[in-house]
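# Topology and contacts: notes
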Number of protein chains: 2
Amino acid sequence: MSLLIRNVLLDEEITDVLIQGRRFTQIGPDLDVRADRVINGRDKAILPSFANGHTHAAMSLLRGFADDMELHVWLQDHIWPLEARLTEEDVYVGAKLACLEMIKSGTTFFNDMYWHLPGTARAVEEMGLRADLSLVFIDFQDKQTADRNWAKNQELYAACRACSDRIRFVLGPHAVYTVSRESLLKLKDFALEKNLLIHIHCSETQKEVQEAREQFGLPPAAYLHELGLLGPNLCAAHCIWLDQEEMELLAEHRVKVIHTPTSNMKLCSGSFPYERLKEAGVCIGLGTDGCSSNNNLDMFEEMKIASLRAKDRSGDPTALPAGEAFAMATQQAADIFGLEAGRIEEGRLADCILVDLQHQRLVPNHNLISNLVYAANGDCVHTTICDGNILMDEGVVEGEAEILAQARETAERLTRDSKFEIG
Amino acid sequence: MSLLIRNVLLDEEITDVLIQGRRFTQIGPDLDVRADRVINGRDKAILPSFANGHTHAAMSLLRGFADDMELHVWLQDHIWPLEARLTEEDVYVGAKLACLEMIKSGTTFFNDMYWHLPGTARAVEEMGLRADLSLVFIDFQDKQTADRNWAKNQELYAACRACSDRIRFVLGPHAVYTVSRESLLKLKDFALEKNLLIHIHCSETQKEVQEAREQFGLPPAAYLHELGLLGPNLCAAHCIWLDQEEMELLAEHRVKVIHTPTSNMKLCSGSFPYERLKEAGVCIGLGTDGCSSNNNLDMFEEMKIASLRAKDRSGDPTALPAGEAFAMATQQAADIFGLEAGRIEEGRLADCILVDLQHQRLVPNHNLISNLVYAANGDCVHTTICDGNILMDEGVVEGEAEILAQARETAERLTRDSKFEIG
């Protein structure tokens, strides 16, 4: 399959872009080539699609279910009881809704941590995105639970080898306060042996840091360092309450940090030390977190909120400028996750979007990146391409109505049951 | 002209809504009536449309023109030189783009302060929204400039009486540091005599407050009180750096306060004291500010960012819940501006939107208001109605392509000239 995009805006020039198989193969004006399909790129710009660095996709089913609450009320009385009843089929349905939303807003990769991983994997296979998938690993220091988790992870590791190479299996120790030292060490060794990414929540709340200091004598990132987990294969989400030494450790060990500004604000987690981490040399990506704490998966919004918040908290209107926000969501994210994507260049994987320059939010076009970060939203995306395949064609994703109907039905059933139980 | 919306979701019930002339005249299930036009409301919810409490509409032409800069560099080197060259025709073109964007994202009223008011008035007349329009009044303590401004305002007051009653003339003293005491007193008397609203920027930056203390011996709101300007006809935008006494003064005199969270964050203006103003009993609306400091006019985003920021700054995840954010953008705003709108009720003006419940961001629908505030964006709006007229019909606004083409052309000319001048 080959695809030729004619006369599209790329870095302020009008050009043609040829995709053959999974990759960009030729870029230049007036290409003298034929292709199975030609897209007219007039009034469109081509850009790398987004990578959502931290989410829990199937939580799309819980969108708007429990907002504006104290954290422990939210989790203990609403989210956890409902999650406990989720089946693999529910997770499949929720992940499909999430994939639909991501495709519609220009995201083609996400880094996920959730229950019933095979449900999410099935959704990703069908919807055509890329994803790094991990199962939530929580043992609460209990040996039996740890063993069960461990067995499950080994099984999933094997099962994911049968997936398409758009899906990679990742280890997902939830956080230092929910996973025992023994399990963390075991996961570290397994990750090294099998060359796997480890995805963890780290230093999200002040409480987490206080408890880590009490329990381990060290704050979370320093504790992970003591255990030997810091390395280029560790992806740490949130990273808010770090001390200076921890920031330097993260930089030194080339740990990947994912910033989740909307979730941090909605849950009052604290203020991400963007400037200090950047100065320390840490590579930073961007994530939406799950739909219970956002409540959408739109990376355009996430870029804007990241930039606004960095400015607001630092008092410096030049902080986290549009170009940096865009890089965090595209090329830096590709570097973090080792994807050969994130840039529109010959040889790279054809993961890209066409945005509609006729969308009223992108007019006038003094500066496209500023417009994308500060003015646009997901609906400015016209076409979404991943791995050389068109996932959204002129705003239309195949099977959309059915995905929405299934999600609605599943969510209603889940919360009906939940009301019954709480009542 | 009559319009019947059949089987639409209103406050968790499916009902019919009849609009005759400018107003809602009957609301109830299975209405036994005929109408000139019937809209199928299935899979739609009807809600009051938004009121944007503070903006500079024609600045849409400057969207993305100068971002990520220090405030004085931004204003002095970029915004002001360009604004100085704007003509009435440019403002008309920019305001049309702004009206288009507002209609598309469900806003039907805006409170504006800008140059060349007749340009904006013409755009509003043509596009069918409501607006309160003021001319920026700045005299920098110069008598001649004050006189010129004064004459211009009297002339515009007379001219606006010939406009449709969707447009109201408002007085727009820019701020206490740009308008002399004499002019402020004169405008106050004129407002009382003619029953006009006064729209002012107040306490936006710490610098403004410091200078007011030095110059007048009082912070801005207290100084306005001394001059007798505080009253129910004063609409004060920003109101960030207020002391406790000023908050009580604003409450006591029923001054209307407009919160502009995105602009405050982007320009690092400071933290709006939402909880304290609410406790003091102040009526608060919501505004986007102009497209140079936002960079769009989407009230959905503004509601979300207002809520996120209130939570973030207070450390309380229950602060500014979805229902309060929605009220600030609809019914509270209608009360502030004395519009007989803001609610879907018989007898009220038919200013409303239909949102598409099939939009992936509104699925599932556990809580519509949470979904609208935290998950939606302007593109969830399917139909926009103002004064009983359909301004957007199934996503389509008449004349859209021409408005965009004119805006693009005007913006390009303005910045081309600007580069020449700066260079």
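Here the structure is shown first, and the text comes after it.
What this report covers is the structure whose coordinates are included nearby. (Residues numbered from 1 in each chain as written. Chains lettered and ligands numbered in written order. Predicted model: local features only at pLDDT ≥ 70, side-chain atom pairs only at ≥ 80, totals over all residues. Heavy atoms only, no water.)

### Description of the packing of aromatic side chains
On inspection of all chains with the given rule, the structure shows 14 aromatic pairs over all chains. On the numbers, 5.5 Å between centres and 75° between planes, the contact of Tyr157 of chain A with Phe190 of chain A is edge-to-face. Taken as a pair, Tyr157 of chain A in helix H4 (residues 143–160) and Phe190 of chain A in helix H5 (residues 181–194) lie far apart in primary sequence, 33 residues in all. Phe190 of chain A matches Tyr157 of chain A in its accessibility class, with the two residues each being buried. Note on Phe50 of chain B and Phe326 of chain B: the rings are 6.1 Å apart at their centroids and 80° apart in plane angle, and the pair reads as edge-to-face. Of this pair, Phe50 of chain B sits in strand E6 (residues 50–55) while Phe326 of chain B sits in helix H12 (residues 322–329), placing them 276 residues apart in sequence. On the accessibility criterion, Phe50 of chain B (1% relative accessible area) is buried. Joined through ring pairs, the aromatic side chains of Trp150, Tyr157, Phe169 and Phe190 of chain A make up one cluster. Between the NZ or CZ atom of Lys266 of chain A and the centre of the ring of Tyr374 of chain B, over which it lies, the distance is 4.8 Å. (Phe/Tyr/Trp six-rings, centres within 6.5 Å; stacked < 30°, edge-to-face > 60°. Helix = DSSP H or I, 4+ residues; strand = E, 2+ residues; numbered from the N terminus. Buried < 20%, exposed > 50% of the residue type's maximum accessible area, 1.4 Å probe, protein only. Lys NZ or Arg CZ within 6 Å of the ring centre and 35° of its normal.)

### A word on helix H11 (residues 299–314) of chain B
Residues and elements named next belong to chain B. Counted at 1.5 Å a residue, the expected span for H11 with its 16 residues is 22 Å, and the 22 Å between its end C-alpha atoms agrees. Most of H11 is tucked away, with 14 of its 16 residues classed as buried. Its side-chain oxygen at 2.8 Å from the backbone nitrogen of Phe300, Asp298 defines the N-terminal cap of H11. Phi for Gly315, located one or two positions after H11, is positive at around 75°. (Expected span 1.5 Å × (residues − 1). Polar contact = N/O pair within 3.5 Å; in protein donor to acceptor, adjacent residues only side chain to side chain.)

### Points about the relation of the copies chain A and chain B
Take chain A, turn it by 180°, move it 0.0 Å along the axis, and it overlays chain B with an RMSD of 0.0 Å. Expressed as an axis order, the relation between the two copies is that of a two-fold axis. Relative to the rotation axis, the closest C-alpha in chain A is found at Asp379 of chain A, a distance of 3.3 Å. When you check the interface residues of chain A against chain B, 98% turn up at the interface there too, and the contact is symmetric in its surfaces. (Least-squares fit on C-alpha atoms with pLDDT ≥ 70 in both. Contact = heavy atoms within 4.5 Å.)

### Some thoughts on H5 of chain A
Taking 1.5 Å of rise per residue, the 14 residues of H5 of chain A would be expected to cover 20 Å, and the 20 Å separating its terminal C-alpha atoms lies within 8% of that figure. In this fold, the buried residues of H5 of chain A make contact with H4, strand E10 (198–202) and helix H7 (220–226) of chain A.

### Regarding the packing of helix H2 (residues 88–104) of chain B against helix H3 (residues 117–127) of chain B
All names here are of chain B. The geometry of H2 relative to H3 is characterised by a closest axis approach of 7 Å and an angle of 40° between their N-to-C directions. The orientation of H2 relative to H3 falls into the category oblique. When you trace H2 past H3, the crossing you get is right-handed. Residues Glu88, Glu89, Val91, Tyr92, Ala95, Lys96, Cys99, Leu100 and Ile103 of H2 pack against Pro118, Gly119, Thr120, Arg122, Ala123, Val124, Glu126 and Met127 of H3. Looking at side-chain class alone, the contact of H2 with H3 contains 10 nonpolar, two polar and five charged residues. (Axes fitted to C-alpha atoms, helices over the stretch in contact; angles between N-to-C directions. Parallel < 35°, antiparallel > 145°, perpendicular 65-115°, else oblique. Left-handed = near helix turned anticlockwise from the far one by under 90°. Nonpolar A, V, L, I, M, F, W, Y, C, P; charged D, E, K, R; others polar.)

### Some remarks on the sheet that holds strand E8 (residues 130–135) of chain A
All names here are of chain A. Overall, parallel pairing links the four strands, which are arranged E6-E7-E8-E9 in an open sheet. The open sheet has two free edges, formed respectively by strand E6 (50–55) and strand E9 (167–170), since each of these has just one partner strand. If you compare each strand with its neighbour and ignore which way they point, the axes differ by 15° on average. When E8 meets E9, the two strands line up parallel, connected through four bridges. Looking at E9, one finds that Ala131 is bridged to Ile167. Lying over the sheet, helix H11 (residues 299–314) contacts E6 and strand E7 (107–114), oriented at roughly 75° with respect to E6. (Pairing = 2+ DSSP bridges.)

Geometry only, nothing functional implied.
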